[in-house]
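A structural walkthrough
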Amino acid sequence: MSKIEFLDLGMQPIANNFLSSVSDIKNEYKFRLAVTFDDDTKLVSLSNFVSPDLMFNDSYVYHSSLSKTMRSHFKDAALSFLKDYSPEKVLEIGSNDGVFLKNFSSKRSTAIGVEPCSNFANITRDLGYATYDKFWNNQLAKEIVLNHGKQDLIFSANCICHIQNLDEAFSAISKTMSSTGIFVFEDPSLLSMINRRSYDQIYDEHAHIFSIIALRNLLDKHDLSIFKVQSLKVHGGSNRIFVCHKGVRSIEESVSEIISKEIDAGLNTIDAYRRFAYDVEKSKRQLLDIIHELKRKNYKIISYGATSKSTTVFNYCGIGTNLIDYIVDTTPAKHGKLSPGAHIPVISPEEGFNDTVDYAFLGAWNYENEICEKERKFLKKNRFITHVPYVRFIK
């Protein structure tokens, strides 16, 4: 393999590791967050992977069901799969709190989950779904086939990009999928990230950011074919990739169409990534300039959303309590804690999103429309700040 490093986002913490107190700071784990391009497979990955046990455990805090956008998204996805493919056996890898699985309520005996975070695995078990609180690999695949048979639909959302050993992951999927079954997964789009300059898609959990070019190369080794691709708006731009055993289904035009767009953007060459790295550095300077200028004028600035994305931005840009007073977030498990790395206090919107706030950095920019609709009163006289696709105010 010929891996070329093109971006260094500095020392970063575990993006979802919120600290309970100041005393936890001295033992906080950090690593160098850098990104590489593999000139052989065309895969974009982190230079240094973090141990999965440090990221995905029973203290994991991200609940998919807390977002109205994601509840609707996964319900629509489940209904479309049932309509178009009529799967009898369904497996979800990375089932979180059951936001997707619960749409198969009439098939609880044949819908199962894989969720290494035991706090979430317990939720789906309580809902009636068999759930394995283990990491996805060949050994687990054998166990599932033995206990439940091969699966007609294997679904995974924002999870495959977390798996460091993709060869084993795809091998396990090939062995678990029935002969006419499909594997459907959603992950952030590399093309969208490059076009939007949304470098905060890069953090510890995202071991890889996928292009369809790279995925086609990787899946081919396991006799798997991409037969359809859908572009999605969720998470700031994602792809829904449909995969089958090679030769089972005809390849739809959507595959060649998006690959053409990726080639036009240069995603098969290092030059595009070097330009991206330049844009990231420029974005950092512009964001710091605008926040420093607002602070000089004594405006109160907070952050809206204690997200993994904002963890990357704050630690890369060196933004702490000197610039951001606190972060408001709707997740109860984050309240009263300090943000990873930057150590900014996190409180509830009810406590801190009030008339004293002048500006709010939009840490959850991927939910911009939902948030702006919810916070219309705030936007009548105040502004959100975002860095995507460029540093600007949201009115």
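As a further point, take the overall build of the chain. Broken down by element type, the chain carries 13 helices and 17 strands. Against the globule reference of 21 Å for 395 residues, the chain gives a C-alpha radius of gyration of 21 Å, in line with a compact fold. Along the longest, intermediate and shortest principal axes, the C-alpha atoms of the chain span 65 × 50 × 40 Å. Looking at the chain residue by residue over its 395 residues, the buried ones come to 58%. Once local pairs closer than 6 in sequence are excluded, the contacts in the chain between residues at least 24 apart make up 68%. Of the roughly 16600 Å² of accessible surface on the chain, a fraction of 47% belongs to carbon and sulfur atoms.

Strand order in the open sheet formed by 6 strands is E14-E13-E12-E15-E16-E17, and the pairing between neighbours is mixed. Looking along the sheet, the strands with just one partner apiece sit at the ends: strand E14 (346–347) and strand E17 (392–394). In terms of strand pairing, strand E15 (residues 359–362) meets strand E16 (residues 383–386) through 3 bridges, oriented parallel. Residue pairing in the sheet places Tyr359 in a bridge with Arg383 of E16. Along the sheet face, helix H9 (residues 270–296) touches strand E12 (301–304), E15, E16 and E17 and points at about 135° away from the line of E12.

Helix length check: helix H2 (residues 68–85) (18 residues) gives 26 Å between terminal C-alpha atoms against 26 Å at 1.5 Å per residue, within 8%. Three or more residues of H2 are buried, namely Met70, His73, Phe74, Ala77, Ala78 and Phe81. Projected onto a plane normal to the axis of H2, the buried residues spread over an arc of 125° and lie on a single side. Of the exposed residues in H2, the ones pointing more than 90 degrees away from its buried face are Lys68 and Lys83. Structurally, H2 contributes buried residues whose contacts are with strand E7 (151–157), strand E8 (177–188), strand E10 (224–232) and strand E11 (238–245). Where H2 begins, one side-chain oxygen reaches toward the backbone nitrogen of Thr69, 3.3 Å away; that side chain belongs to Ser67.

This paragraph deals with the environment of Phe104. Looking at the element boundaries, Phe104 is found in the loop between strand E4 (90–93) and strand E5 (111–114). Overall, Phe104 belongs to the buried group, its relative accessible area being 1%. Spatially, the C-alpha atom of Phe104 lies 9.7 Å from that of Tyr129, the residues being 25 residues apart in sequence. Sequence-distant contacts of Phe104, defined by excluding residues within four places in its chain, comprise Ala78, Leu82, Val90, Ala111, Tyr129 and Leu153.

Rules used in this analysis
- For every chain, the first residue of its written sequence is number 1, and the numbers climb from 1 along that sequence.
- Owing to the predicted nature of the model, reporting of local features is limited to residues with pLDDT of at least 70; listing and counting of side-chain atom pairs is limited to 80 or more, with chain, interface and lining totals taken over all residues.
- Side-chain metrics rest on all non-hydrogen atoms present in the structure, leaving aside hydrogens and water.
- Secondary structure is summarised from DSSP: a helix means a run of H or I of at least four residues, a strand means a run of E of at least two, and numbering begins at the N terminus for each.
- Taken over C-alpha atoms, the radius of gyration is set against a globule rule of 2.2 Å times the number of residues to the power 0.38.
- Buried means the residue's accessible area, taken with a 1.4 Å probe over protein chains only, is under 20% of the maximum for its type, while exposed means over 50%, and partly exposed covers the values in between.
- The contact definition used throughout considers only heavy atoms, calling two residues in contact when any of these lie within 4.5 Å.
- Only the protein chains shown count as cover for residues, with accessible areas throughout obtained via the Shrake-Rupley method and a probe of 1.4 Å.
- At least two bridges found by DSSP between two strands is the condition for calling them paired.
- Between N-to-C directions, angles cover 0 to 180 degrees, with each direction set by a line fitted to C-alpha atoms, over the stretch in contact for helices.
- Residue count minus one, scaled by 1.5 Å, sets the expected span of a helix.
- Working definition: the arc comes from the directions between the helix axis and the C-beta atoms, pointing outward to the latter.
- Any pair of N or O atoms that falls within 3.5 Å is considered a polar contact. Within protein, one atom must be able to donate a hydrogen and the other to accept it, and sequence-neighbouring residues count only if both atoms are side-chain atoms.

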